[in-house]
Amino acid sequence: MILGILGCGAIANIIFNTLKEDNNFEINYFYDNNVEKAENFAKITKGHYSEDFNELVDNVDMVLESASPNAVKSLIPQALEKGKDVIVLSIGALMDNDFRENIIAIAKKNNAKIYAPSGAIAGLDAIKAASLGTIDNVSIVTRKSPRSLNQNLKEEKVIFNGKASEAVLEFPSNINVASSLSLASHVDANVKIIVDPKVNENMHEITVVGSFGEIKTLVKNIPCAANAKTSILAAYSAIELLKSFNETLKIGL
Ligand SMILES: NC(=O)C1=CN([C@@H]2O[C@H](COP(=O)(O)OP(=O)(O)OC[C@H]3O[C@@H](n4cnc5c(N)ncnc54)[C@H](O)[C@@H]3O)[C@@H](O)[C@H]2O)C=CC1
Ligand SMILES: O=C([O-])CC(=O)C(=O)O
């Protein structure tokens, strides 16, 4: 499979370094609005950097987006129009109902798929299954270091308390997980974001209550070296999704 990367930052770096020896994938087309970043990847991989996103789309089987919600909104429809499957990590963009319905319609028309991996959280498989029954309450408490949230605080502080649909607009690079949780559960989740100078990890505690019972998950994620906002697990989840395309036995949802 020839994979094109949209957004050549921390996640792209982990994905490339993990899959570079895997014969099932050729990761050799790169696009970034910071051309230098795409150029660097192209140099290391002896691949191509595209100044025009359409050129990347024309040359790959699948596009992996690891850029920003804005990039999803402005560029992903073009890939789907050309019938290319996409993996989206900036899932916050999909909380916009009109946009989400629109790209689903474009994908269907062109026989393409949109994949949104579980990213930096745990339990989406069980939450999706649970949503077949009645869901009464969905919440996520995210706790991050001041460094990860661009804050300079000495004491713990709640910096957001509201719905996922508002959180993704206020913190577009920090709470995509709230969007995945909401889309999996079909409920606009309650979100609390806490800056905590005592933690180094990106912690996400999820609670879902419904007719099935209760799910509680807690992940304590190590941040990427290149971007403290982003957990290594998010990149790993995209890699496992890619590997699953070649698996005969599929475990989990
Ligand atoms: N679904 C999830 O659980 C998670 C999602 N994310 C999201 O994944 C995305 C990538 O994360 P990182 O690799 O850590 O980010 P990063 O900041 O290290 O790299 C992003 C790259 O994309 C480029 N970019 C941004 N907007 C662009 C645009 N409109 N067009 C072209 N290039 C653009 C930037 O120049 C940068 O090189 C972010 O949106 C982040 O919020 C991160 C962690 C977890
Ligand atoms: O959800 C996000 O955008 C990033 C995040 O919290 C993480 O990687 O732990």
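Now for a description of the structure that goes with this document. (Residues numbered from 1 in each chain as written. Chains lettered and ligands numbered in written order. Predicted model: local features only at pLDDT ≥ 70, side-chain atom pairs only at ≥ 80, totals over all residues. Heavy atoms only, no water.)

## Examining the side chain of S90
Here is step 1 of the chain: With respect to the helices and strands, the residue S90 is situated in the loop between β5 (85-88) and α5 (97-109).
Here is step 2 of the chain: Owing to a relative accessible area of 7%, S90 belongs among the buried residues under this scheme.
Here is step 3 of the chain: Engagement of the side chain of S90 in a polar contact is seen with the backbone nitrogen of S68, the distance being 3.2 Å. (Helix = DSSP H or I, 4+ residues; strand = E, 2+ residues; numbered from the N terminus. Buried < 20%, exposed > 50% of the residue type's maximum accessible area, 1.4 Å probe, protein only. Polar contact = N/O pair within 3.5 Å; in protein donor to acceptor, adjacent residues only side chain to side chain.)

## Quick look at the site of ligand 1
Here is step 1 of the chain: If you check the shell around ligand 1, you find 27 residues, and the closest are I11, D32, S90, N176 and T230.
Here is step 2 of the chain: Between ligand 1 and the protein, one listed contact pairs a nitrogen atom with a backbone N or O atom of L89 at 2.9 Å.
Here is step 3 of the chain: Protein chains bury 86% of the 860 Å² of accessible surface belonging to ligand 1 in isolation.
Here is step 4 of the chain: Breaking the shell around ligand 1 down by element, the ones donating at least two residues are α1 (10-19), α4 (69-81) and α8 (176-185).
Here is step 5 of the chain: Among the residues making up the shell around ligand 1, the classes are represented as 13 nonpolar, 12 polar and 2 charged.
Here is step 6 of the chain: Mapping the shell around ligand 1 onto the domain boundaries places at least three of its residues in each of domain 1 (2-119 + 234-244) and domain 2 (124-227). (Near = heavy atom within 4 Å. Areas by Shrake-Rupley, 256 points an atom, 1.4 Å probe, with all protein chains shown as cover. Nonpolar A, V, L, I, M, F, W, Y, C, P; charged D, E, K, R; others polar. Domains from an automatic or database assignment.)

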